[in-house]
Amino acid sequence: MNARDVAAYLRYRVAPASCANKPQEPGAPSPCDWILDLFRCRTPPPITIDAYAARLLGFCEQNEDGSVATGTLACILLERFAGNLARLSQQQDCGDEDSVTPLTVHRLYLTSLLVALKFLSDRPPAALGEEPKMLLRVMSVLGGVSAHELCQLELAFLSVLEFNLVVSPNEYSSFCVLNCLG
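Quantities reported herein were computed from a predicted structural model and do not represent experimental measurements. (Residues numbered from 1 in each chain as written. Predicted model: local features only at pLDDT ≥ 70, side-chain atom pairs only at ≥ 80, totals over all residues. Heavy atoms only, no water.)

J.: Go over the overall build of the chain, please, and point to the residues and values.
T.: Looking only at helices and strands, the chain has eight helices and zero strands in total. Sequence-ordered secondary structure for the chain, helices as α and strands as β, is α-α-α-α-α-α-α-α. By the burial criterion, 47% of the 182 residues in the chain qualify as buried. Within the chain, contacts between residues at least 6 apart in sequence are counted, and of these 83% link residues at least 24 apart. (Helix = DSSP H or I, 4+ residues; strand = E, 2+ residues; numbered from the N terminus. Buried < 20%, exposed > 50% of the residue type's maximum accessible area, 1.4 Å probe, protein only. Contact = heavy atoms within 4.5 Å.)

Have a look at this one:
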């Protein structure tokens, strides 16, 4: 997926703004609330999702490991995350809040793209040298979060995915067809 396709998918996937600011019920937060709170920005990000996706994918395209497949895999993983979190919410009676909202979409996409980059490569992109933590640092700067926060987001994201990142050819094709990517 190119930046335009990713931005179109993310705009389509974002829940209406009315779902983004549900008041928290008193008491201990559920695991679902805790996870969503990690991804939720306090205020709307100053950058549009179009510009954000273009900036992140622009970095990926500068490296030999950054390809159309990386952007597509990131969107598939984000969709899987949303589905798994919805199922978890139902099982634990956490409510029906959509996980992809205007306040979460930026951090969710950043995290899904980081995970996709790592999954598709056994090493950091060539332009970053051989230091494994360099990719995390660069992505955190591009994404506007600290490296520590991005580590937390990555772990939460992978936990919801149950560390299953494998996408079958059929799942990949279906996603592309459903999202008009040919």
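J.: Quick one: what's the story with unusual backbone geometry, residue by residue and with numbers?
T.: Not every positive phi belongs to a glycine, and Glu162 is a case in point at roughly 55°. Residue placement: Glu162 occurs in the loop between helix 7 (147-160) and helix 8 (169-178).

J.: Quick one: what's the story with the pattern of salt bridges, residue by residue and with numbers?
T.: Applying the stated criterion across every chain, the model contains four salt bridges. Between Arg107 and Glu149 there is a salt bridge whose closest N-O contact spans 2.7 Å. Of this pair, Arg107 sits in helix 5 (residues 105-120) while Glu149 sits in helix 7, and the two are 42 residues apart along the sequence. Residue classification places Arg107 among the buried positions, given a relative accessible area of 17%. (Salt bridge = Lys/Arg side-chain N within 4 Å of Asp/Glu carboxyl O.)

J.: Can you break down the nonpolar core residue by residue, with the values?
T.: Formed by 50 residues in total, the largest nonpolar core has its most connected members in Phe39, Phe81, Tyr109 and Met139. Mapped onto this core, the elements with two or more residues apiece are helix 1 (3-13), helix 2 (31-39), helix 3 (49-61), helix 4 (68-91), helix 5, helix 6 (133-143) and helix 7. The residues touching Phe81, leaving out its near neighbours within four places in the chain, are Ile35, Phe39, Ser99, Leu108, Ala156, Phe157, Val160 and Leu161. (Core = buried A, V, L, I, M, F, W, Y, C linked by side-chain atoms within 4.5 Å.)

J.: Describe in detail the state of the cysteines, supporting the description with residues and values.
T.: This structure, assessed with the given rule, holds zero disulfides. The structure places no disulfide on Cys75, whose sulfur is separated from the nearest cysteine sulfur, that of Cys176, by 9.7 Å. (Disulfide = S-S within 2.5 Å.)

J.: Describe helix 3, and please don't skip the residues or the numbers.
T.: Under the 1.5 Å per step criterion, the end-to-end length of helix 3 is 18 Å for 13 residues, consistent within 8% with the ideal 18 Å. For helix 3, the complete set of buried residues consists of Ile49, Tyr52, Ala53, Leu56, Leu57, Phe59 and Cys60. Projection of helix 3 onto a plane perpendicular to its axis shows the buried side chains occupying an angular sector of 150°, all on one side. (Expected span 1.5 Å × (residues − 1). Arc of directions from axis to C-beta.)

J.: Quick one: what's the story with the environment of Ala86, residue by residue and with numbers?
T.: Within the secondary structure, Ala86 is located in helix 4. Ala86 sits in the partly exposed class, given a relative accessible area of 40%. Expressed as a C-alpha distance, the spacing of Ala86 and Asp98, which sit 12 residues apart in the sequence, is 7.4 Å.

J.: Any chance you could break down the environment of Tyr12 for me, citing the residues and the numbers?
T.: For Tyr12, the location among the structural elements is in helix 1. Note: C-alpha distance between Tyr12 and Asn179 (167 residues apart in sequence) is 9.7 Å.

J.: So what's going on with the packing of aromatic side chains? Residues and values would help.
T.: The description of an aromatic ring pair uses the distance of the two centres, along with the angle that the planes make with each other. Here the structure, examined in full by the defined rule, presents three aromatic pairs. Ring geometry for Tyr9 versus Phe175: centroids 5.4 Å apart, planes at 65°, classification edge-to-face. In this pair, Tyr9 is assigned in helix 1 and Phe175 in helix 8, connecting sequence segments 166 residues apart. The exposure class of Tyr9 is buried, given its relative accessible area of 5%. (Phe/Tyr/Trp six-rings, centres within 6.5 Å; stacked < 30°, edge-to-face > 60°.)

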